[in-house]
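# Overview (structure and organization)
Below are the chains, spelled out letter by letter.
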Amino acid sequence: MGYTLADDEVALILRPIHFNADGEWSGLISTGLALGPEQKIDKDILTDLIKCATFLSAFLDIAHEFPDIMEIVEQRRDEMIDLFEQDAEEQKNGLPEVEIETSGGNVIKFGPLTKTKGNA
């Protein structure tokens, strides 16, 4: 699985390091940066992208020193993955699912694949 960076892209590279004699990974990583081939992007924008990538790298180092912060970050990551999966599902089906509460208090979910009767 490879990826070629476009001119306006900066990538944070993660590489596993420190394996024991049995080949088991220690969990440690090294980080690096990769820039698009020609960097036709405005220098100020490129500088901001590099700052963002190095910020992420610094965060990984801080998180190693302060593991409690990872609980907060993991919760946010899980929320972001849920939103990403929801967006992907909506794009696949064309329209988002809609919840409607009836006067009786029941919640009915309608989506692109919901079976209905009549002219719904």
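The structure this text deals with has already been given above.
If you're wondering where the values come from, they're calculated on a predicted model, not measured in any experiment.

## What to know about the pattern of salt bridges
Using the criterion set out here, one finds 2 salt bridges in the structure. Between arginine 76 and glutamate 79 there is a salt bridge; the shortest N-O distance is 3.4 Å. Within this pair, arginine 76 and its partner glutamate 79 are both found in helix 2 (residues 69-93), separated by 3 residues, close to a single helical turn.

## Re the layout of surface pockets
Size it by volume and the largest pocket reaches roughly 360 Å³. Counting residues per element, the lining of the largest pocket draws most heavily on helix 1 (residues 43-65), which supplies 6 residues. For the lining of the largest pocket, a count of residues per class yields 7 nonpolar, 5 polar and 1 charged.

## Describing a nonpolar patch on the surface
A contiguous nonpolar surface patch, about 480 Å² in accessible area, is contributed by Leu14, Phe19, Trp25, Ile29 and Leu60. Contributions of two or more residues to the nonpolar patch are made by strand 1 (10-19) and strand 2 (25-35). Relative to the assigned elements, leucine 14 resides in strand 1.

Procedures and definitions
- Residues numbered from 1 in each chain as written.
- Predicted model: local features only at pLDDT ≥ 70, side-chain atom pairs only at ≥ 80, totals over all residues.
- Heavy atoms only, no water.
- Salt bridge = Lys/Arg side-chain N within 4 Å of Asp/Glu carboxyl O.
- Helix = DSSP H or I, 4+ residues; strand = E, 2+ residues; numbered from the N terminus.
- 1 Å grid on protein atoms, 1.4 Å probe; cavity = no way out; pocket = protein on both sides within 12 Å on 5 of 7 lines; lining within 4 Å.
- Points joined across faces, edges and corners; volume = space filled by probe spheres on them.
- Nonpolar A, V, L, I, M, F, W, Y, C, P; charged D, E, K, R; others polar.
- Patch = residues over 30% accessible without salt bridge, like charges linked within 9 Å, V, L, I, M, F, W, Y side chains within 5 Å.
- Areas by Shrake-Rupley, 256 points an atom, 1.4 Å probe, with all protein chains shown as cover.

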